[in-house]
Each structure stands twice: as structure tokens, then as C-alpha cells.
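# Structural features, examined
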Amino acid sequence: QVQLVESGGGLVQAGGSLRLSCATSGRTFSRSAMGWFRQAPGKEREFVGGLHWSSSSTNYADSVKGRFTISRDNAKNTMYLQMIGLKPEDTAVYYCAAGPPGSSLRQYSSAYNYWGQGTQVTVSS
């Protein structure tokens, strides 16, 4: 059974930092694209950033470039989202997602077929 489990969310003041984790299990994602998305109340789910597991290549939404960094730990089968310089507009539920084997990095959610349950990030002003 494939599982993606996010953790690390919480409440932080503006300018603060958080690191989210996405622990994977059930299959290998070594040939898959991985993504982080977020959804704020009343808004559509949006792409935050992505990583291709095998190459570690990444891309990011313009809104988070320079503040967010995605990485992975092969030994732990875990992907991370390091967030610094957090702003109130970063408040959302953050989801990790995985694409099928051989997938490429894409910024739309339909490219990913496995999703975690989400973790809440709240940034106070």
C-alpha cells in the first residue's frame, strides 16, 4: 500500500522557518517526480515546488523561490520542504504528491497520482 505522510506543520510567526517532511512507503519513487502543493481556504490547490527523485532536479513556484528548498533523503525515503522567511500568505494546508514511474516534473496536480493527507502551516503576522 503506497503511503505519503506529511509532518512538520505548525504555527510560526512571520519571518520564521519550518521544515516539512514527506515520508514515503509502499513502493520506490526513485524514478518519479515528487511535488509539494498547498491549498489555502477558499483557494485552489497550487504548486509550490517539485523534485525529481533520481536527479534531484527541482523547480519552484515564483512565489516561493529563494525561500523554500526541496530535498530528499534516499535512506529514509523522505522528501523535505525547508521553508524560511515565511509570510502570512504562505498559510495553507501543504500536501506532498508523487507521480508514476518515469514521470517528469509538472506544476499541475493531475500529473501526480499519490497524495498525502496534508499538514497545516499557519503563519501569523
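To start, this report covers the structure provided alongside it. These figures come from a predicted structure and were not determined experimentally.

With six bridges joining them, strand β7 (residues 68–73) and strand β8 (residues 78–83) adopt antiparallel strand pairing. Looking at β8, one finds that R72 is bridged to M79. In this antiparallel pair of consecutive strands, β7 and β8, the connection spans four residues, and N77 shows a positive phi of 50 degrees.

A few words on the sheet that holds strand β1 (residues 3–7). Pairing within the open sheet is antiparallel, and its four strands lie in the order β1-β3-β8-β7. Here the strands that pair on one side only, and so sit at the sheet edges, are β1 and β7. Sheet twist, expressed as the average angle between the axes of neighbouring strands with direction ignored, equals 15 degrees. Two elements, β1 and strand β3 (residues 18–25), share five bridges in a ladder whose sense is antiparallel.

Next up on the list: the nonpolar core. In terms of nonpolar packing, the biggest core is built from 27 residues, with W36, F68, M79, L81, M83 and Y94 touching the most fellow members. Listing elements by their share of this core, those giving two or more residues are β3, β4 (33–39), β5 (46–52), β7, β8, β9 (92–98) and β11 (119–124). If one sorts the elements of this core by residue count, β9 sits on top with four residues. M83 has contacts with G16, S17, L18, L20, R67, F68, Y94 and V121, leaving out every residue within four places of it along the chain. Among the nonpolar cores identified, the runner-up in size contains six residues, and F47, A97, L105 and Y112 belong to it.

Cut-off values and rules
Residues numbered from 1 in each chain as written. Predicted model: local features only at pLDDT ≥ 70, side-chain atom pairs only at ≥ 80, totals over all residues. Heavy atoms only, no water. Pairing = 2+ DSSP bridges. Helix = DSSP H or I, 4+ residues; strand = E, 2+ residues; numbered from the N terminus. Axes fitted to C-alpha atoms, helices over the stretch in contact; angles between N-to-C directions. Core = buried A, V, L, I, M, F, W, Y, C linked by side-chain atoms within 4.5 Å. Buried < 20%, exposed > 50% of the residue type's maximum accessible area, 1.4 Å probe, protein only. Contact = heavy atoms within 4.5 Å.

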